[in-house]
Amino acid sequence: MVRSLGRLGVLALAGIASLSWASTAAGDSGAGVQNVAIIGAGAAGSSAAYHLRQFADEEGVSINITIFESNKRAGGRSLTVDAFDDPLQPVELGASIFIRANAILYDAVSEFGLNVIGTRDVEGNLVVWDGESFRFEQSDNSWWSFVKLFWKYGLAPYKTKKLVDSTVARFLKIYDAPHFPFKSLTQAAIDLDLVKLTGVTGDQFYEDSGIASLFAQDIIQAATRVNYATNLAHIHGLEAAVSMAPEGAMQVWGGNWLIFANMVKASSAGFLPKVTVTSLQREKSATTGDGASKFIISTKKTRSSRPGEAYPITFDKIVVAAPWQYAGIEAPEDLIQPAIDEIPYVQLHVTLFTSPLKLSPGFFNLTPESKAPVTVLTTLHADDKAEPGSGAAGKAGVFSISTLQIVLNPKTDQEEYLYKIFSPKVLDVSFLSRLLGVDIPDTFTGAVNADNFEPISWYYPHVFNSYPIEFPRVTFQDPVLGGGLYYTSGIESFISTMETSALMGKNVAKLIVDELAAPKAPQEAKHTTTEPGSPRFDAAPKADEL
């Protein structure tokens with residue numbers, strides 16, 4: 001349910017991957033077989049396919065699953081790249097971390113026999129910086145090492161942890177009956193008494209809970225900024241609580257994308273990469289036995305200039321597992337009623353680069369002989385105004401700077417530092433020069449006092465529409481759009497993580513199978529499985545494959 005920057009147990013969004021195989025979706029293979037289309041193979045779509053197969057097998061329901069994915073890979077915003085293009089040095093660019101409480105992801109790791117590692121941040125000081133001075137410093141790795149926190153903030157850290165633990169425990173009830181599966185996310189939030197949190201801003205939630213403003217602005221806001229690129233004044237209380245969830249962060253060796261790639265593989269779905277769905281409509285003539293017309297999907301090759309063409313198979317159920325506003329799908333006005341809620345997403349710049357240089361003390365207004373921090377979270381300066389969107393960073397200019405790990409430069413055979421920066425805008429050469437304390441040329445190459453010395457030896461920027469701006473709200477887009485049409489991205493304005501997207505995929509899968517199984521006597525149910533072509537796992541994907 002949470003993402004983490006590791007040392008803080010603070011969650012950073014923020015990763016998927018490359019699964020591709022040549023296959024075609026099977027059509028009707030006999031009477032009673034239901035064709036289900038899933039549009040998008042991110043965390044929600046992959047989970048929907050995986051759990052559809054599981055639930056259908058359990059209930060004896062016959063289904064064919066077809067996944068349409070506009071990219072060449074499964075995984076969506078979970079994305080791994082290789083430092084120096086070396087597959088032995090992978091780094092998460094997107095959704096980086098999950099924790100033990102993330103039941104769907106954690107259980108999948110065990111099911112698929114994936115190797116899990118802890119976070120690998122380089123040892124050193126962690127600070128919270130406001131663009132001018134440090135608001136907090138800590139030298140060890142434990143976010144909940146209370147001694148220094150108590151010294152400055154009194155009981156606020158203890159009260160916050162108790163509050164966060166109780167909030168997470170309340171949310172986790174959504175995984176079980178009677179709350180699961182839920183047809184209405186709004187009703188589930190009401191039943192779990194969570195609208196009290198989503199209906200107020202993060203700063204109001206913590207103030208009402210008796211958490212001192214100083215701790216909220218210094219520490220909690222640093223967490224919401226690194227996790228959601230949002231200040232406390234513009235994020236609702238539930239997401240602000242999730243940002244402070246416990247530590248215990250982990251990631252899959254080789255990339256978290258392996259979770260979702262394996263889900264797709266295990267679903268036995270027909271997986272169609274680099275295929276974009278252009279439109280949805282109801283079939284006008286033929287109807288199914290229950291009187292509901294089937295769906296016609298039009299598709300085209302991704303980036304093709306040609307118009308979409310009707311896919312040869314009609315579908316009984318459709319799961320739209322991608323944010324509707326970015327899907328570019330045309331549909332008649334009467335197909336989706338009420339209309340899908342359009343919510344604003346954060347545009348987050350994620351920059352990876354390597355350098356033999358440590359961060360410059362001068363960048364943080366320290367003396368040259370001072371030791372610069374290795375992990376930098378940020379908060380607002382006293383002179384800053386709390387803004388949403390691209391203005392959220394304030395005087396600091398960025399949301400976080402992390403020294404992730406030590407890597408080997410294959411050109412020099414020397415160890416270097418791998419950095420990751422979250423920012424609302426592109427990092428320019430001036431910023432990077434100040435950060436490292438040397439003049440960075442526009443090409444990121446050039447000798448500086450030594451042969452073969454490059455101040456930045458590898459550079460990888462990427463832009464994500466990473467997660468919604470979590471403005472306070474008390475109603476949410478429901479997963480059931482009616483008439484065999486389902487939607488997963490409504491949960492993102494409630495909680496936006498890999499785990500919760502996977503939860504909505506599982507929820508939709510259960511709703512579909514329950515509906516299909518309900519009118520059938522057990523002896524009538526038959527099961528058929530379509531087998532796609534042999535799977536092939538590629539190396540970790542590059543961001544230009546999006």
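Rules behind the numbers
Residues numbered from 1 in each chain as written. Predicted model: local features only at pLDDT ≥ 70, side-chain atom pairs only at ≥ 80, totals over all residues. Heavy atoms only, no water. Helix = DSSP H or I, 4+ residues; strand = E, 2+ residues; numbered from the N terminus. Buried < 20%, exposed > 50% of the residue type's maximum accessible area, 1.4 Å probe, protein only. Areas by Shrake-Rupley, 256 points an atom, 1.4 Å probe, with all protein chains shown as cover. Pairing = 2+ DSSP bridges. Axes fitted to C-alpha atoms, helices over the stretch in contact; angles between N-to-C directions. Contact = heavy atoms within 4.5 Å. Lys, Arg positive; Asp, Glu negative; His and termini not counted. Salt bridge = Lys/Arg side-chain N within 4 Å of Asp/Glu carboxyl O. Polar contact = N/O pair within 3.5 Å; in protein donor to acceptor, adjacent residues only side chain to side chain. Phe/Tyr/Trp six-rings, centres within 6.5 Å; stacked < 30°, edge-to-face > 60°.

S.K.: Help me out: how do you make sense of the overall build of the chain in this one?
M.R.: Each helix and strand in the chain was counted, giving 13 helices and 22 strands. The burial tally for the chain puts 58% of its 546 residues in the buried class. Carbon and sulfur atoms provide 51% of the accessible area of the chain, an area that totals close to 21300 Å².

S.K.: Quick question: what am I supposed to make of the sheet that holds strand β18 (residues 414-423) here?
M.R.: By definition, the strands of a sheet pair up through backbone hydrogen bonds, in either a parallel or an antiparallel sense. Reading across from one edge, β8-β7-β16-β17-β18-β15-β19 is the order of the seven strands in this open sheet, with mixed pairing throughout. Edge positions in the sheet fall to β8 (134-138) and β19 (458-468), since each of these pairs with one other strand and no more. The average angle at which neighbouring strand axes cross in this sheet is 20°, direction not considered. Pairing of strand β15 (residues 345-355) with β18, which is carried by seven bridges, proceeds in the antiparallel orientation. By the bridge assignment for β18, S355 is matched with Y417. Helix α12 (residues 429-436) contacts β15, β17 (400-409), β18 and β19 of the sheet and is inclined by roughly 50° relative to β15.

S.K.: How should the sheet that holds strand β10 (residues 270-273) be read in this particular structure?
M.R.: An order of β10-β3-β2-β14-β21-β20 is seen for the six strands of this open sheet, with the pairing classed as mixed. In this open sheet, the two edge strands, each paired with only one partner strand, are β10 and β20 (480-482). Strand after strand, the sheet turns through a mean of 20° between neighbouring axes, direction not considered. Where strand β14 (residues 317-320) lies against strand β21 (residues 485-487), three bridges are found, and the strand directions are parallel. Note that in β21 the partner of V319 across the bridge is Y486. Set on the sheet, helix α13 (residues 498-517) makes contact with β2 (34-39), β3 (63-69), β14, β20 and β21; between it and β21 the angle comes to about 160°.

S.K.: Before we go on, may I ask you to explain the side chain of R225 in this structure?
M.R.: Following the sequence through the fold, R225 ends up in helix α8 (residues 213-228). D384 is the oppositely charged side chain nearest to the buried, salt-bridge-free R225, at an N-O distance of 6.4 Å. In terms of polar contacts, R225 uses its side chain to reach the side chain of T378, at 2.9 Å. When residues no more than four places from it in sequence are discounted, the contact partners of R225 are T230, N231, T378, T379, L380, A392, A393, A396, V398 and F399.

S.K.: Would you take a moment to explain the packing of aromatic side chains for this structure?
M.R.: Where two aromatic rings form a pair, the distance of their centres and the angle of their planes describe that pair. The final tally for this structure, using the stated rule, is 21 aromatic pairs. Here the aromatic rings of F68 and Y311 are separated by 5.1 Å at their centres, their planes lie at 85°, and the arrangement is edge-to-face. Of this pair, F68 sits in strand β3 while Y311 sits in the loop between β13 (309-310) and β14; the two residues are 243 residues apart in sequence, bridging distant segments of the chain. Pair check on accessibility: F68 and Y311 agree, each one buried. Each ring, one from Y417 and one from Y419, has its centre 6.3 Å from the other, and the planes form 40°; the classification is tilted. Taking the relative accessible area as the measure of exposure, Y417 reaches 18% and is therefore buried. Put simply, the rings of W129, F134, F363, F364 and F431 pair up and form one aromatic cluster.

Purely geometric stuff here, so don't read any function into it on its own.
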